[in-house]
Every structure is written in structure tokens, then in C-alpha cells.
Amino acid sequence: MLKIIKEDLIKYSEDKTGIFIVHVVNAGNSMGSGVAKALFEKWSKVKTNYHKWFDGDNTNCSGNATLGNIQFVRVDEGYKNQFVVNMIGQDYPGGHTFNINSKQIHLPPVRYKSLEKCMLHVAESIFKAKEKTRAEYRIIAPWFSCGLAGGDKKTTLDLINKIWLNNDIDVTICDPQL
């Protein structure tokens, strides 16, 4: 089931159990704005662990800190099973601009194939967690890939449907701008 609600992501997540708070980060080891900033201001280890990942610490990760991989950061202090998931689904901050035939063509930072791989890693991890704990897990997210990453909601929603909803993973999108 998909719910899109007018709510702040951090406030909405605080009292929930069995959640994966997913968001997109870049492959440039740079975290300092957007949703990532709100997350690390609430839970400082989100940023600390992200930088450790780029230093080679692959604990709770699907692989190295490269496009298409994810990192889990447990943010609850106890029984709630709350995780922030850093999904490397965007290239370096700002994207790339090419000068072709006197025209500037901008390629936004989001990389949808990498994002799709991240989302598949998340789905796989949710099913493993369900098997292990017999608990229910769901995803809470902003409109990831749609802000600083330069993507669009339609493409993100198509991926959410294809990968998570079609596999019976509940998703809540928090959009304070609704």
C-alpha cells in the first residue's frame, strides 16, 4: 500500500516501529543539505557512518560506497527497529554539464539504474529482516531523487510501484509541501 501524506519525515518517523527511512545520497562522499541534513541533524551517526563507508567500512552495507549500493544505520535506541537507509542513487552533487555545439546540456545527478539497484537491495533486506524477526517492516521516505538529485516524481513512483508495492512492501511518502 502506498500512502502520500502531508507530514515532516522526521516527526512522522519518531514513534514508528519496524521502519526503513530511505533517502538518496551521492557518490561523492558529500552530505550536507536536503533530507540528508535533516536526518543527520536528528541522528548524527547517519553522517558519521556515511563517511566511514567511504573510508572502507562496509559494515551493514550491500557493498562498497559506490552507485547502486546501500548502507543501513540503526537509529533507534532499543526495540523500535528504526533504520535510515543511505541509497547511493546519485552521482556527484550538482550533476554534469556538457558543452556540445555551443549548447549546454545538463545531466542531473540522479542515476535511475543505480537507484533501482538500491531499491532492490532495500526490498531484499526487508524480506530477510521479516524472515529473521517475524516482524513487519515498512518504508518511510521523502520524494527521494526528486529534490537535489534532479529527478522527477513520476519516475520515482514508477520504481516504487515496480519494486516495492508489487512485492507487498508498504511505503509512506512524507511530503510537507502537499
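Our subject is the structure that appears above.
Residues numbered from 1 in each chain as written. Predicted model: local features only at pLDDT ≥ 70, side-chain atom pairs only at ≥ 80, totals over all residues. Heavy atoms only, no water.

Asks: Would you take a moment to explain the sheet that holds strand 3 (residues 70-74) for this structure?
Replies: Hydrogen bonds along the backbone pair up the strands of a sheet, which may run parallel or antiparallel. With mixed pairing, the 6 strands of this open sheet are ordered in space as 1-8-7-2-4-3. Either end of the sheet is taken by a strand with one partner, and the two such strands are strand 1 (2-5) and strand 3. Averaged over neighbouring strand pairs, the angle between their axes works out to 25° when direction is ignored. As paired elements, strand 2 (residues 19-26) and strand 4 (residues 82-90) share 8 bridges and run parallel to each other. Paired with valine 25 across the bridge in strand 4 is isoleucine 88. In the packing of helix 4 (residues 112-133) onto the sheet, the strands contacted are strand 2, strand 3, strand 4 and strand 7 (138-141), and the crossing angle to strand 4 comes to about 155°. (Pairing = 2+ DSSP bridges. Helix = DSSP H or I, 4+ residues; strand = E, 2+ residues; numbered from the N terminus. Axes fitted to C-alpha atoms, helices over the stretch in contact; angles between N-to-C directions. Contact = heavy atoms within 4.5 Å.)

Asks: Would you mind going over unusual backbone geometry with me for this structure?
Replies: Note: most residues except glycine have negative phi, and most peptide bonds are trans. Although it is not a glycine, asparagine 60 sits at a positive phi angle of roughly 60°. Phi is positive for arginine 134, close to 60°, though the residue is something other than glycine.

Asks: I would appreciate a short explanation of the pairing of strand 4 in the present structure.
Replies: Strand residues, when the strand is regular, have side chains that alternate between the two faces of the sheet. By the criterion of burial, strand 4 is predominantly enclosed, with 9 of the 9 residues buried. One ladder, built from 5 bridges, connects strand 3 with strand 4; its direction is antiparallel. Looking at the pairing, valine 73 lines up with valine 84 of strand 4. (Buried < 20%, exposed > 50% of the residue type's maximum accessible area, 1.4 Å probe, protein only.)

Asks: Is there a simple way to think about the environment of serine 44 in this case?
Replies: Relative to the helices and strands, serine 44 is located in the loop between helix 2 (34-42) and helix 3 (45-54). With 93 residues separating them along the chain, serine 44 and tyrosine 137 place their C-alpha atoms 23 Å apart.

Asks: Can you help me understand the environment of leucine 67 in this one?
Replies: Mapped onto the fold, leucine 67 is located in the loop between helix 3 and strand 3. Sequence separation between leucine 67 and glutamine 90 is 23 residues, and the spatial gap between their C-alpha atoms is 7.0 Å. If near-sequence neighbours (up to four positions away) are discounted, leucine 67 is found in contact with Ala27, Ile88, Gly89, Gln90, Asp91, Arg111 and Ser114.

Asks: Sorry, what's going on with helix 2 here?
Replies: An α-helix turns once per 3.6 residues; consequently, residues spaced three or four apart project the same way. Buried within helix 2 are the following residues: Ala36, Leu39 and Phe40. Along helix 2, the residues classed as buried sweep out an arc of 90° about the axis, all on the same side. Where the residues of helix 2 are buried, they touch helix 1 (9-13), strand 2, helix 3 and strand 4. (Arc of directions from axis to C-beta.)

Asks: Could you clarify how one ought to interpret a nonpolar patch on the surface in this entry?
Replies: Together, Phe98, Ile100, Ile105 and Leu107 make up a nonpolar patch on the protein surface, roughly 350 Å² of accessible area in all. Contributions of two or more residues to the nonpolar patch are made by strand 5 (96-100) and strand 6 (103-107). As for its placement among the helices and strands, leucine 107 is situated in strand 6. (Patch = residues over 30% accessible without salt bridge, like charges linked within 9 Å, V, L, I, M, F, W, Y side chains within 5 Å. Areas by Shrake-Rupley, 256 points an atom, 1.4 Å probe, with all protein chains shown as cover. Salt bridge = Lys/Arg side-chain N within 4 Å of Asp/Glu carboxyl O.)

Asks: I tried to follow the packing of aromatic side chains on my own but got confused; where do I start?
Replies: The geometry of an aromatic ring pair is captured by the separation of the ring centres together with the interplanar angle, meaning the angle of the planes. Applying the stated criterion across every chain yields a total of 6 aromatic pairs. Relative to tryptophan 164, the ring of phenylalanine 144 has its centre 5.8 Å away and its plane inclined at 55°; by these criteria the two rings are tilted. You can see phenylalanine 144 sitting in the loop between strand 7 and helix 5 (153-164) and its partner tryptophan 164 sitting in helix 5, a full 20 residues away along the chain. Here the two residues phenylalanine 144 and tryptophan 164 agree in accessibility, since each one is buried. (Phe/Tyr/Trp six-rings, centres within 6.5 Å; stacked < 30°, edge-to-face > 60°.)

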